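The lines below spell out each chain.
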Amino acid sequence: MKPVLLALSFLSEEHRAQMAQAFEVLYAPDAAQAAAAIAQHGSRVRVVLTIGATGLSPAQIDALPALTLICVLGAGYENVAVQHAKARGIVVATGAGTNDDCVADHTWGLLIAAQRRILPLDKATRAGIWRTALPLPPNVSHKRLGIIGLGTIGKKIAQRALGFEIEVGYHNRSARTDVPYRYFADVAALAAWADFLVIATPGGAGTQHLVNAEVLKALGPRGVVVNIARGSVIDTAALAAALREGRIAAAGLDVYESEPAPPAELLDLDNVVLTPHVAGWSPEAVQNSVDRFMENARRHLAGEVPVSPL
């Protein structure tokens, strides 16, 4: 008998087939399907696969008496009831490190597009407008980059900044001893110093609206903010007001508070670049995440420690 896997996030047919080699897969990628699967099969579920935004609640965990392993695709786990799970002896593991390069690449795509006004320039070009009738987009190189959250992804973003001869500063809960970048204990102080502010911190209650009106004011009228972390970290209403009133120059967002619906407050602005939470998605990155899950699960079911446990 194969162990039963409850998969609560989107998976391609190919990846479901890969998992079916080792598991009986219950595929429930939305809330209604998840509730039905738990009601009908909860007593048999041994492993749950989810994502940080979907998570797994205490009530769901309590409805799965045979559960021994929770895995998330990617690094985020903000909506997983980790302590509740651990109190029951359930192992929790992540996909940390599987999509870092993809997220860092996408961050720079958003930043360059926002700073160099790539989307408005594309639109103008298609309308037959020549460069002499357009405002000059500013440089990316030789600026200051502030990173909120210098974890593995934040460090990858910083590494890429060096190629642009950019000075890097960062905010963490505490200073790191393994990087040469300037540490800021206060987010507003980091924003005041920076030309570009990149959000790479975990989501959850502890970072809710960490980037607010005060921080955006500190970033200033030539500043650009990029968010590839979680939509909850930026106060969307404050961001929309700052962009409309010219208190910051531009933004690049892969995540937003209204997900999966687009951020209505920002849709008519040409100084915002939006993508639908795909910074960590590429064929390579998603396959890496699935492979990590399979290896985490294989080790756990064999009585071994997973590759990336919490």
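Located above this text is the structure these notes cover.
Computed from a predicted structure; not experimentally measured.

(A) Quick look at the packing of aromatic side chains. Applying the stated criterion across every chain, the model contains five aromatic pairs. The interplanar angle of 20 degrees and the centroid separation of 6.2 Å between the aromatic rings of F10 and W281 together place this pair among those described as stacked. Placement of the pair is F10 in the loop between strand 1 (4-7) and helix 1 (13-20) and W281 in the loop between strand 12 (272-274) and helix 11 (283-301), with a sequence separation of 271 residues. The residues F10 and W281 share a single accessibility class, namely exposed. A cation over a ring is seen here: R16 above Y27, with NZ or CZ 4.3 Å from the ring centre.

(B) A look at the side chain of R292. Relative to the elements of secondary structure, R292 occurs in helix 11. No salt bridge is formed by the buried R292; the nearest opposite charge belongs to D100, separated by 8.1 Å.

(C) Examining the packing of helix 5 (residues 100-115) against helix 7 (residues 152-161) more closely. At a minimum axis separation of 9 Å, helix 5 and helix 7 run at an interaxial angle of 50 degrees. The orientation of helix 5 relative to helix 7 falls into the category oblique. Considering how the two elements wind past one another, helix 5 and helix 7 form a crossing that is right-handed. Across from D100, D101, V103, A104, D105, T107 and W108 in helix 5, the residues of helix 7 making contact are T152, I153, K156, I157, R160 and A161. Of the residues belonging to the contact of helix 5 with helix 7, the class tally is six nonpolar, two polar and five charged.

Calculation rules
Residues numbered from 1 in each chain as written. Predicted model: local features only at pLDDT ≥ 70, side-chain atom pairs only at ≥ 80, totals over all residues. Heavy atoms only, no water. Phe/Tyr/Trp six-rings, centres within 6.5 Å; stacked < 30°, edge-to-face > 60°. Helix = DSSP H or I, 4+ residues; strand = E, 2+ residues; numbered from the N terminus. Buried < 20%, exposed > 50% of the residue type's maximum accessible area, 1.4 Å probe, protein only. Lys NZ or Arg CZ within 6 Å of the ring centre and 35° of its normal. Lys, Arg positive; Asp, Glu negative; His and termini not counted. Salt bridge = Lys/Arg side-chain N within 4 Å of Asp/Glu carboxyl O. Axes fitted to C-alpha atoms, helices over the stretch in contact; angles between N-to-C directions. Parallel < 35°, antiparallel > 145°, perpendicular 65-115°, else oblique. Left-handed = near helix turned anticlockwise from the far one by under 90°. Contact = heavy atoms within 4.5 Å. Nonpolar A, V, L, I, M, F, W, Y, C, P; charged D, E, K, R; others polar.

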